[in-house]
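# Structural overview for review
Read off the chains here:
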Amino acid sequence: MELSARKEKILAAVVDAYVATGEPVGSKGIAAQLGVSSATIRNEMAELSLLGLLEQPHTSAGRVPSQRGYRLYVDHLMEPAPMPVQEKRLMDSMLMTNVGDPERLLLSATQALAGVTKFAAVSTTPSGGTAYIRAVQFVQTSRRTAMVLLMSSAGTMKNRVFHCDFDLNPEMLRVFFRLLNEKLVNKPVADITPAFIQSLAVSFGDMSMLMSSALMAVLDVARDTRETNVFQSGQMNLLFYPEYERGAARRVMDFLERPRELADLLVQEPGSVRALIGQESRVPELAGSSVVVARYAVGGQDAGALAVIGPTRMNYPRVISHLSYLSQSVSQLLTVLMWEE
């Protein structure tokens, strides 16, 4: 859609003013801002309304952006909003407290995002569906129990405690470690099925009796690795926005309680931050909301998502700036963690 430079400035000014105040925007304030007459601004706003970029809630009210107006603003008109140094430091400090645990790191990132944006924030853990096994470790936890840890190329680290009917010792666990790593390292996680574990037990011969509990634990952690977990924070922030009155917040929260659908929504093109505005999400409960999504990578491979959910009247430049910074930080920290394991 081709607009004159003046129409673009007016649309951008209306979006910025409406985001800041939540009130329909009249011609007088825009005229003072752009240095032209109120009559000119009214005519231009009327034409923007005919183009479907502005809406007029009431006959005597000012204008508000439409979904199409927000789309044009986000794609072509908004100015970048660099993050303040103090907000970067806050996010960095929250991430660094859990840098050794991928899932706690993502939970911290979600909490930081909700705290800074004042919207609902979500994240998804790296999907292990296409990952391969990097290592299997064993840690003895008591006389007859131990923990198996499975580390994947997706940057995940899952664990499961197993119990044996005999006393364990370090030498026995070293044997478990050697046998399983010989068979499992670089194998796709998706290949660790009950049939595979059964054939693996047969190949171990007499050792399979000693390793049966450990093998079942490996099957369980492989299953956990394939699953995508969703972390959420800041849902109550939505209650403070007038857009979510009269049950709208409840509908959004109902959708947030369906993690599989939420994770599917966040599967967007990697490499950039994308805003799904209003009905673009194709989720009825989010028709009055926007979802801004950033994908993060581990070792250069697309891994998961960070996202913000709030009213369409949100400060898109600021939200996109925070998501860009946070997704890059998570990518770097998870990649470093993967290669240190």
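Let us look at the structure shown here. (Residues numbered from 1 in each chain as written. Predicted model: local features only at pLDDT ≥ 70, side-chain atom pairs only at ≥ 80, totals over all residues. Heavy atoms only, no water.)

Mapped onto the elements of the fold, Ser 327 is located in helix α12 (residues 316-340). Classification of Ser 327 by relative accessible area gives buried; the value is 7%. Separated by 56 residues in the primary sequence, Ser 327 and Gly 271 place their C-alpha atoms 10.0 Å from one another. What Ser 327 contacts, discounting residues up to four positions off in sequence, is Ala 294, Arg 295, Tyr 296 and Leu 306. (Helix = DSSP H or I, 4+ residues; strand = E, 2+ residues; numbered from the N terminus. Buried < 20%, exposed > 50% of the residue type's maximum accessible area, 1.4 Å probe, protein only. Contact = heavy atoms within 4.5 Å.)

Turning next to the packing of helix α5 (residues 85-96) against helix α6 (residues 102-117). Contact geometry of α5 with α6 gives a least axis separation of 8 Å together with a crossing angle of 155 degrees. The pairing of α5 with α6 is recorded here as roughly antiparallel in orientation. Considering the relative orientation of α5 and α6, their crossing is right-handed. Between α5, through Glu 87, Leu 90, Met 91, Met 94 and Leu 95, and α6, the contact on the second element is made entirely by Leu 105, Ser 108, Ala 109, Gln 111, Ala 112, Leu 113 and Val 116. Here the contact of α5 with α6 is composed, by residue class, of nine nonpolar, two polar and one charged. (Axes fitted to C-alpha atoms, helices over the stretch in contact; angles between N-to-C directions. Parallel < 35°, antiparallel > 145°, perpendicular 65-115°, else oblique. Left-handed = near helix turned anticlockwise from the far one by under 90°. Nonpolar A, V, L, I, M, F, W, Y, C, P; charged D, E, K, R; others polar.)

Right, let's get into a nonpolar patch on the surface. A cluster of nonpolar side chains, Met 236, Leu 239 and Phe 240, forms an exposed patch at the surface whose accessible area comes to about 380 Å². Mapping Leu 239 onto the fold places it in the loop between β7 (230-233) and α10 (248-256). (Patch = residues over 30% accessible without salt bridge, like charges linked within 9 Å, V, L, I, M, F, W, Y side chains within 5 Å. Areas by Shrake-Rupley, 256 points an atom, 1.4 Å probe, with all protein chains shown as cover. Salt bridge = Lys/Arg side-chain N within 4 Å of Asp/Glu carboxyl O.)

For the rest of this paragraph, the subject is unusual backbone geometry. Peptide bonds are trans in most cases, and residues, glycine excluded, mostly fall at negative phi. Despite not being glycine, Lys 118 has its phi angle at roughly 65 degrees, a positive value. Within the secondary structure layout, Lys 118 lies in the loop between α6 and β3 (120-124). For Lys 118, a relative accessible area of 48% translates into the label partly exposed. Although it is not a glycine, Arg 282 sits at a positive phi angle of roughly 60 degrees. By the element assignment, Arg 282 lies in the loop between β8 (273-277) and β9 (289-298).

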